[in-house]
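# Fold and geometry: a report
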Amino acid sequence: MVRKILIIGSKGYLGSALCERLPSEALLEIRGLDRGHTEEELRKSLQWCDVCILANGLSNHIAGQENPFLDFQLNVAEILDILKSEKGLKFIYLGSLCQYGVLEGKIEESRVCDPKEPQGLSKVFMEGALGFLQKVNHLDFVSLRLGTVFGRKTDLNNPSLLEKMILSTLHGKTFEVYGGKERTWSGLSIEHFVGAIAKVIQKDKYEGRVYNLATCQWPFGELDQDLSLKFVPSNPATPYAVSCQRFKDQFGWGFDSLNARDIVRRLKIEIRQFQSI
């Protein structure tokens, strides 16, 4: 059976990757919407689809800090205005680990969210709004709290921390890292991200469940051999570990583990290619 998938935010980094790669993962018909669509187009597309993936919003924490009201408008307000009058819809929401706030110790989905940045606040609000609509409008949804997604990124206007480190190294500069060599980085490759979404799409019911998703986790000290880093003395960052056991149990894992140094080498090649460095 072919499933009809609507991707809102189809021209962004995650949305465009899903439009390009999802059809090869399963029997799917894909339709994308991005900024500039009319309310009528969105309503018709929601009525057409079997599953809607909410990939809209600003790209990272810094963009959210620079314009928090725009972040809220794109992440929450625009879509809620439509959803409050629709019933029986099915959604995959792309959340973020930033919803937890300060990351330390073992990060499980049961942890209370205490976001410190506008993007995290917006995503917590949206996740709660979907839960509300699940009760009053019979909406079905799942929320994936993602680590940093990396790979095949052609636009580095808003680079992630790891990408900043690589760009600095490629330009012959040293990148300062606060928090010590034990400071943790967590993320997932764009291939793992698309593969995870393909698994989630096949589920018949989501029941408002929340899942962490970060297939790569290592201390920055492991990158010291391949990047030009300077670890600046400061309050040491508390190591943390994101638990993805709930996702593994529910959907099956099926992802190969990725070596930190292999990832950095791969991203160096990609960034050189796309940025002509």
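Residues numbered from 1 in each chain as written. Predicted model: local features only at pLDDT ≥ 70, side-chain atom pairs only at ≥ 80, totals over all residues. Heavy atoms only, no water.

### A few points about the pattern of salt bridges
Enumeration according to the criterion identifies 13 salt bridges in this entry. With a shortest N-O distance of 3.5 Å, Glu-108 and Lys-106 are connected by a salt bridge. A relative accessible area of 34% means that Glu-108 is categorised as partly exposed. Judged by relative accessible area, Lys-106 falls into the exposed class, the value being 55%. Among the charged side chains, a salt-bridge network with shared partners connects Arg-21, Glu-191, Arg-266 and Glu-270. (Salt bridge = Lys/Arg side-chain N within 4 Å of Asp/Glu carboxyl O. Buried < 20%, exposed > 50% of the residue type's maximum accessible area, 1.4 Å probe, protein only.)

### Focus: helix 6 (residues 161–170)
Most of helix 6 sits inside the fold, with 8 of its 10 residues counted as buried. Taken residue by residue, helix 6 has Leu-162, Glu-163, Met-165, Ile-166, Leu-167, Ser-168, Thr-169 and Leu-170 as its buried positions. Turning to helix 6, the residues buried within the fold contact strand 8 (175–178), strand 9 (184–189), strand 11 (216–219), strand 12 (229–232) and helix 9 (260–275). Positive backbone phi, approximately 75°, marks Gly-172, located one or two places after helix 6. (Helix = DSSP H or I, 4+ residues; strand = E, 2+ residues; numbered from the N terminus. Contact = heavy atoms within 4.5 Å.)

### Describing the packing of helix 6 against helix 9
Across the interface, helix 6 lies against helix 9 with an axial gap of 10 Å and an inter-helix angle of 65°. Regarding the angle of helix 6 to helix 9, the classification is roughly perpendicular. Relative to helix 9, the crossing made by helix 6 is right-handed. Residue-level contacts link Leu-162, Ile-166, Leu-167, Thr-169 and Leu-170 of helix 6 to Val-264, Leu-267, Lys-268, Ile-271 and Arg-272 of helix 9. (Axes fitted to C-alpha atoms, helices over the stretch in contact; angles between N-to-C directions. Parallel < 35°, antiparallel > 145°, perpendicular 65-115°, else oblique. Left-handed = near helix turned anticlockwise from the far one by under 90°.)

### What to know about the pairing of strand 4 (residues 90–96)
Counting buried positions along strand 4 gives 7 out of 7 residues, so the element sits mostly inside the fold. The pairing of strand 4 with strand 6 (residues 140–146) spans 7 bridges and is parallel. Across the sheet, Ile-92 pairs through a bridge with Val-142, a residue of strand 6. (Pairing = 2+ DSSP bridges.)

### Here we look at the nonpolar core
With 40 residues, the main nonpolar core has Ile-53, Ile-92, Leu-94, Leu-144, Phe-193, Ile-197 and Phe-247 as its most contacted residues. Residue contributions to this core peak at 8 residues, all from helix 7 (residues 190–201). Excluding residues within four positions of it along the chain, Phe-193 makes contact with Leu-14, Leu-18, Leu-94, Leu-146, Val-149 and Leu-188. Formed by 23 residues, the second largest nonpolar core is a distinct cluster that contains Cys-52, Ile-82, Leu-133 and Phe-141. (Core = buried A, V, L, I, M, F, W, Y, C linked by side-chain atoms within 4.5 Å.)

### Details of the sheet that holds strand 2 (residues 28–33)
Spatially, 6 strands are ordered 2-1-3-4-6-10 in an open sheet, and the strand pairing comes out parallel. The sheet is open, and its two edges are formed by strand 2 and strand 10 (209–213), each paired on a single side. Across the sheet, the mean angle from the axis of one strand to that of its neighbour is 20°, orientation sign disregarded. Bridge count between strand 1 (residues 3–8) and strand 2: 6 bridges; the pairing is parallel. For Arg-3, the partnering residue across the bridge sits in strand 2 and is Leu-28. Where helix 2 (residues 39–48) meets the sheet, it contacts strand 1, strand 2, strand 3 (51–54) and strand 4, and its direction lies at approximately 165° from that of strand 2.

### Some details on unusual backbone geometry
Unusually for a residue other than glycine, His-138 sits at a positive phi of about 55°. Within the fold, His-138 resides in the loop between helix 5 (118–136) and strand 6.

### Points about the sheet that holds strand 11
On the basis of which strands lie adjacent, the open sheet formed by 3 strands has the order 7-9-11 and mixed pairing. In this open sheet, the two edge strands, each paired with only one partner strand, are strand 7 (148–150) and strand 11. In this sheet, neighbouring strand axes are inclined to one another by 40° on average, regardless of whether the strands run parallel or antiparallel. Pairing between strand 9 and strand 11: 4 bridges, direction antiparallel. Residue pairing for strand 11: Trp-185 is matched across the bridge by Trp-218. Against the sheet, helix 7 contacts strand 7 and strand 9, and its axis sits at roughly 60° relative to strand 9.

### Section: the packing of aromatic side chains
Each aromatic ring pair is described using two quantities: the centre-to-centre distance and the angle formed by the ring planes. Considering all chains together, one arrives at 5 aromatic pairs under this definition. Look at Trp-185 and Trp-218: their rings are 4.8 Å apart centre to centre, the planes differ by 20°, and that puts the pair in the stacked class. Taken together, the residues Trp-185 in strand 9 and Trp-218 in strand 11 connect sequence positions 33 residues apart. Accessibility assignment for this pair places Trp-185 and Trp-218 in one class, buried. Through a chain of ring-to-ring contacts, the aromatic side chains of Phe-150, Trp-185 and Trp-218 assemble into a single cluster. It is Arg-31 that lies over the ring of Trp-48; its NZ or CZ is 4.1 Å from the centre. (Phe/Tyr/Trp six-rings, centres within 6.5 Å; stacked < 30°, edge-to-face > 60°. Lys NZ or Arg CZ within 6 Å of the ring centre and 35° of its normal.)

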